[in-house]
Amino acid sequence: MAASQKTASQQAQDANIVTAITSKPGKNAYRLEIDEFIQDNAVTNLFLLALDAMYKNSLSNKDGSPNRWSYYSLSGIHGLLRENWAGIKQDRNSGYCHHGMDTFPTWHRPYIYHFEQAVYNNMVVIAQSYTDSTWQKTYLDACDRFRLPYWDVCMPRNKTSDGATAKVKAAKGNIWRWGFPKILKTKNVFVRFPKTPDQLTSMANPLYQFSFPSSTEVKAAGDSRSQISWQDAGLGWVQLQDGRWKFDASRFRTDYTARTPTVASKGESDYVFLEEAIQLQTQVMATNIWHMLNPAEIGLNQLTGRSVKINQAKPWTVFASHAATSDEFAAQSLESWHDNIHNLVGSGKGKAGAMSDPSVAAFEPVFWLHHNNIDRLFAIFQTLYPDKYVTPGQAKRDATDENGNHIVLGADQLYPFREKADVCYNSIEAAVRDWKGTGFAMPGVADLNQAGRDQVAVYLRDTYYWATDAASPPKTLIWPKDLSHVEALTGKSETSAKPVTVSIKAMSMEAGKPTLVARSLPAAQKQAVHDLAIDASISIASVQRVMKALPSGASQPAAHEAPAKMRTWNINLRVKKYAFNGSFNVHFFIGPVDEDKSERFVTRMNEIGFSGIFASKPDSGCTNCTQNKDMVYEDTVPLTSKLTEYLASSPGANTFLPDGTTIQSLEADQVVPFLKANLTWRVVDTSGAMLHGVEQSGLEIKVTDRLFTPPSAAEPLGTYEVSEVHSEITAGKVGGFAG
């Protein structure tokens with residue numbers, strides 16, 4: 001790349017056209033998990049400087065024209081600002097976003113391309129501004145290695161108990177496995193500025209927070225720029241005892257974004273609280289990734305008797321959207337998993353953060369890394385089930401299927417992402433559908449055949465299956481990553497140190513067969529497609545762990561025999577998405593609940609998990625929200641891991657129930673009466689306040705079980721059998737399912 005030459009990506013930006021960054025011949029670049037991404041000091045340096053530049057030039061260009069590629073403008077596409085981006089009309093009159101629609105994954109893919117392109121173009125300009133030829137070449141080469149990083153909440157961060165409370169240390173055997181990435185919670189970072197590249201200089205970390213422009217700055221930018229109308233966001237609306245709603249601006253910050261903000265932190269990010277929440281919720285999050293991507297999530301509908309083949313991939317609409325289908329059995333969707341992470345990061349104690357409100361979530365820097373991970377999970381689904389996708393064809397938005405249900409077809413344009421001067425992308429475009437164009441560091445080869453898909457299934461099993469039965473991650477994990485040489489964090493120069501290497505797994509063609517192989521490569525030459533070591537022993541260990549949960553008399557199978565079956569349990573939830581004037585959380589517990597400490601539900605030791613309903617204020621000006629004001633939301637919360645803690649055979653079983661009740665197995669005769677007596681739930685807003693009027697929210701909770709044959713060499717994802725609904729568990733309770 002010449003120092004002053006415009007890239008194809010920059011030329012596209014000049015025409016307001018969105019395009020994926022393309023790799024040069026012989027030079028591959030991959031989207032990596034954030035802790036892998038920052039191993040490359042040169043790329044990290046440019047990335048931080050580019051974000052900082054996008055923040056500071058947030059409203060207008062030097063000539064006074066609106067800067068439509070600024071951070072402020074790109075973030076505003078997702079909800080508020082309600083501006084017509086670069087002259088492109090807002091979808092259905094007000095707003096662009098596709099939440100609750102079949103096109104949720106496909107709309108967000110070009111959105112990520114859009115942001116990635118803007119960051120990359122800023123990186124190129126900054127690299128070209130280094131006057132020293134050696135440093136300039138270093139950073140121009142770094143641009144060729146850049147792809148947007150993602151954040152996977154399920155990856156371990158620390159082996160020590162750094163920052164953990166005594167309670168959290170005890171919860172996981174004094175091992176602090178999970179948490180928020182260090183680069184995202186460090187207030188100041190060290191960078192090499194173009195004018196002083198030989199020294200590392202401290203600056204405010206753009207990944208830590210985004211500062212909203214003041215009203216004065218917005219007005220100075222001209223009539224074409226909009227200011228956020230905070231009363232249209234759901235963050236500040238408080239429910240009164242009589243059910244009415246009152247706006248309270250003290251519940252959130254309007255000057256900058258904050259994560260899990262608390263009253264004690266004066267609305268600032270409270271990372272001790274966030275670390276505790278992630279530590280205690282990761283197992284549920286990892287289990288639901290397994291459920292989401294496993295082909296066996298659809299079974300017999302107990303209400304209608306409609307039979308759906310077991311171990312078939314779920315329909316596209318069930319995978320893609322959190323909207324409840326008319327008669328299918330509840331299943332984990334990509335969108336509902338996405339919602340839970342939004343509310344995990346945005347829900348505070350007496351305060352609420354931007355991440356928990358769709359109208360302003362995209363202003364939060366971690367939004368982009370989270371949504372890049374959503375795109376990665378979407379790509380994995382595509383590799384495993386290539387025939388499952390948005391319905392193709394051109395149609396009006398009021399099209400219906402044979403059952404009269406609304407259907408969004410793939411040829412609808414995905415506003416405002418221009419493919420050409422006068423045409424926006426649609427879901428069936430190759431640039432949107434082809435997951436290989438995203439460049440994720442995940443298993444895959446250019447032409448993925450069945451053997452390659454089998455390897456992806458192995459990847460999925462060995463990355464997330466451990467969580468389904470309360471096991472620990474495999475010892476062969478090459479996480480946490482060593483961050484001791486990351487210049488942005490340490491402020492210590494690494495230019496003279498020996499090259500940093502990253503341990504990864506890669507998909508290689510061995511004798512014409514796709515095979516996962518181990519590699520250790522310099523960080524500046526990453527060619528990763530896999531970030532966790534593969535260890536077949538994990539499935540064996542998991543089978544051994546659940547033997548204690550089998551009925552009396554069951555014996556462990558010999559190595560050559562089929563794996564033993566285990567009974568798995570789930571909570572299925574349905575509720576009106578817009579029941580509570582914005583986002584809210586439904587928490588599930590075994591045993592008593594202290595409602596006086598509702599803001600700490602997410603970190604209670606007897607909490608099973610939660611469902612985070614990610615919803616805009618229904619009258620916020622979002623046409624999609626208004627048209628779907630009666631939408632029913634669907635989610636699942638896994639129960640099996642929590643139930644294993646109450647097995648009489650488990651060490652330290654049941655330290656939470658006053659009477660010390662335990663169960664002898666995971667069979668229905670033990671679990672049903674146990675849950676009937678002890679399963680409870682509560683509904684709170686994203687500041688942790690208890691909500692009233694649950695009876696009118698359409699809340700419907702039911703518990704199901706199904707037999708599962710754990711993974712084997714022949715079936716790396718295992719096999720499920722037909723589900724059974726146990727309506728007696730929740731019948732008679734507010735929100736309970738009576739059958």
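Just so it is clear, the structure is predicted and the values come from calculations on it, not from any experiment.

> Would you mind showing me how to read the sheet that holds strand β13 (residues 679-685) here?
What links the strands of a sheet is backbone hydrogen bonding, and the strands pair in either a parallel or an antiparallel sense. Spatial strand order, β11-β10-β13: three strands in an open sheet with antiparallel pairing. Each edge of the sheet is formed by a strand with only one pairing partner; in this case those strands are β11 (607-613) and β13. Averaged over all pairs of adjacent strands, the angle between strand axes in this sheet comes to 20°, irrespective of strand direction. Pairing of strand β10 (residues 584-590) with β11, which is carried by six bridges, proceeds in the antiparallel orientation. The partner of His587 across the bridge, within β11, is Phe610.

> Looking at this structure, how should I read the packing of aromatic side chains?
Here a ring pair, both rings aromatic, is described through the centre-centre distance and the interplanar angle of the planes. Tallied over the full model, the rule gives 43 aromatic pairs. Ring plane angle 5° and centroid distance 3.9 Å describe the contact between Phe115 and Trp368, whose orientation is recorded as stacked. Taken together, the positions of Phe115 in helix α5 (residues 104-128) and Trp368 in helix α13 (residues 366-384) put the pair 253 residues apart, joining distant regions of the chain. The exposure class assigned to Phe115 is buried, which follows from its relative accessible area of 3%. On the basis of relative accessible area, Trp368 is assigned to the buried category, the value being 0%. Seen in terms of ring centroids, Phe247 and Phe252 are 6.1 Å apart; in terms of plane orientation they differ by 65°. Their pairing is edge-to-face. Relative accessible area serves as the criterion here: at 23%, Phe247 is assigned to the partly exposed category.

> Could you clarify how one ought to interpret empty space enclosed by the protein in this entry?
If you roll a probe as big as a water molecule over the atoms, it shows you where there is empty space left. Tallying each qualifying case throughout the model produces 12 cavities of 30 Å³ or more. Lining the second largest cavity we find 15 residues, and of these Ser347, Asn585, His587, Glu599 and Val602 sit closest to its centre. In terms of residue class, the lining of the second largest cavity is built from six nonpolar, seven polar and two charged.

> Sorry, what's going on with the pairing of strand β1 (residues 188-191) here?
Burial of the side chains of β1 is restricted to one face: Val189 and Val191 are buried, whereas none of Asn188 and Phe190 on the reverse face is. Two elements, β1 and strand β2 (residues 201-204), share four bridges in a ladder whose sense is antiparallel. From the neighbouring strand, Val191 faces β2, where its bridge partner is Thr201.

> Hey, could you run me through the environment of Ala324 in this one?
Tracing the backbone shows Ala324 in the loop between α11 (316-320) and α12 (334-346). Taking relative accessible area as the criterion, Ala324 reaches 23% and is therefore assigned partly exposed. When the C-alpha positions of Ala324 and Met631 are compared, they lie 7.8 Å apart, and in sequence the two are 307 residues distant. For Ala324, the contacting residues outside a window of four places in its chain are Arg574, Val632 and Glu634.

> Before we go on, may I ask you to explain the environment of Pro261 in this structure?
Relative to the assigned elements, Pro261 resides in the loop between β4 (245-247) and α10 (271-293). For Pro261, a relative accessible area of 1% puts it in the buried group. The spatial distance from the C-alpha of Pro261 to the C-alpha of Ala352 is 6.1 Å, given a sequence separation of 91 residues. Excluding residues within four positions of it along the chain, Pro261 makes contact with Gly267, Glu268, Gly346, Gly348, Lys349, Lys351, Ala352 and Gly353.

> Is there a simple way to explain unusual backbone geometry in this structure?
With the exception of glycine, the majority of residues adopt a negative phi angle, and the majority of peptide bonds are in the trans configuration. Residue Pro416 follows Tyr415 across a cis peptide bond; omega there is 5°. Within the element layout of this structure, Pro416 appears in strand β5 (residues 413-420). With phi around 35°, Thr260 is a residue other than glycine that occupies positive phi space. Classification of Thr260 as buried rests on a relative accessible area of 1%. The residue Asn581 is not glycine, and still its phi comes out positive at about 60°.

> Got a minute to help me understand the packing of helix α3 (residues 41-56) against helix α6 (residues 133-145) in this structure?
Packed helices, taken two at a time, are described by their axes: the angle between them and the distance between them. At a closest axis distance of 9 Å, the pairing of α3 and α6 adopts a crossing angle of 85°. One finds that α3 runs roughly perpendicular with respect to α6. Of the residues in α6, those touching α3 at Ala42, Val43, Asn45 and Leu46 are Thr138, Tyr139, Ala142, Cys143 and Arg145. In terms of residue class, the contact of α3 with α6 is built from six nonpolar, two polar and one charged.

> Before we go on, may I ask you to explain the confidence of the model for the chain in this structure?
When pLDDT drops low, the exact placement of atoms in the prediction is not to be read closely. For the chain, the average pLDDT comes to 80, and 77% of its residues sit at 70 or higher. Scored below 50 in pLDDT, residues 160-174 makes 25 contacts in the model with residues more than four places away or belonging to other chains.

> Looking at this structure, I do not really get the environment of Phe363. What am I missing?
Its place among the elements puts Phe363 in the loop between α12 and α13. The exposure class assigned to Phe363 is buried, which follows from its relative accessible area of 0%. Distance in space between the C-alpha atoms of Phe363 and Ser211 is 8.8 Å, their sequence separation being 152 residues. Here Phe363 is in contact with Tyr71, Tyr72, Ser75, Gly76, Leu80, Leu81, Phe210, Phe212, Ile228 and Thr257, once residues within four sequence places are set aside.

> Teacher, can you tell me more about the pattern of salt bridges here?
Pairing between side chains of opposite charge can happen when their charged atoms approach one another. Under the counting rule described, the total for this entry stands at 26 salt bridges. When the shortest N-O distance is used, the salt bridge between Arg157 and Asp35 registers 2.9 Å. Residue Arg157 is found in the loop between α6 and α7 (166-171), and its partner Asp35 is found in helix α2 (residues 34-37); the two are separated by 122 residues along the sequence. Each member of the pair, Arg157 as well as Asp35, is classed as buried. The shortest N-O distance in the salt bridge between Arg253 and Asp255 comes to 2.9 Å. Judged by its relative accessible area of 22%, Arg253 falls in the partly exposed class. Assessed through its relative accessible area of 32%, Asp255 is described here as partly exposed. A single salt-bridge network, built from bridges that share partners, covers Arg31, Arg109, Glu116 and Asp375.

Parameters at a glance
- Residues numbered from 1 in each chain as written.
- Predicted model: local features only at pLDDT ≥ 70, side-chain atom pairs only at ≥ 80, totals over all residues.
- Heavy atoms only, no water.
- Pairing = 2+ DSSP bridges.
- Helix = DSSP H or I, 4+ residues; strand = E, 2+ residues; numbered from the N terminus.
- Axes fitted to C-alpha atoms, helices over the stretch in contact; angles between N-to-C directions.
- Phe/Tyr/Trp six-rings, centres within 6.5 Å; stacked < 30°, edge-to-face > 60°.
- Buried < 20%, exposed > 50% of the residue type's maximum accessible area, 1.4 Å probe, protein only.
- 1 Å grid on protein atoms, 1.4 Å probe; cavity = no way out; pocket = protein on both sides within 12 Å on 5 of 7 lines; lining within 4 Å.
- Points joined across faces, edges and corners; volume = space filled by probe spheres on them.
- Nonpolar A, V, L, I, M, F, W, Y, C, P; charged D, E, K, R; others polar.
- Contact = heavy atoms within 4.5 Å.
- Parallel < 35°, antiparallel > 145°, perpendicular 65-115°, else oblique.
- pLDDT = per-residue confidence, 0-100.
- Salt bridge = Lys/Arg side-chain N within 4 Å of Asp/Glu carboxyl O.

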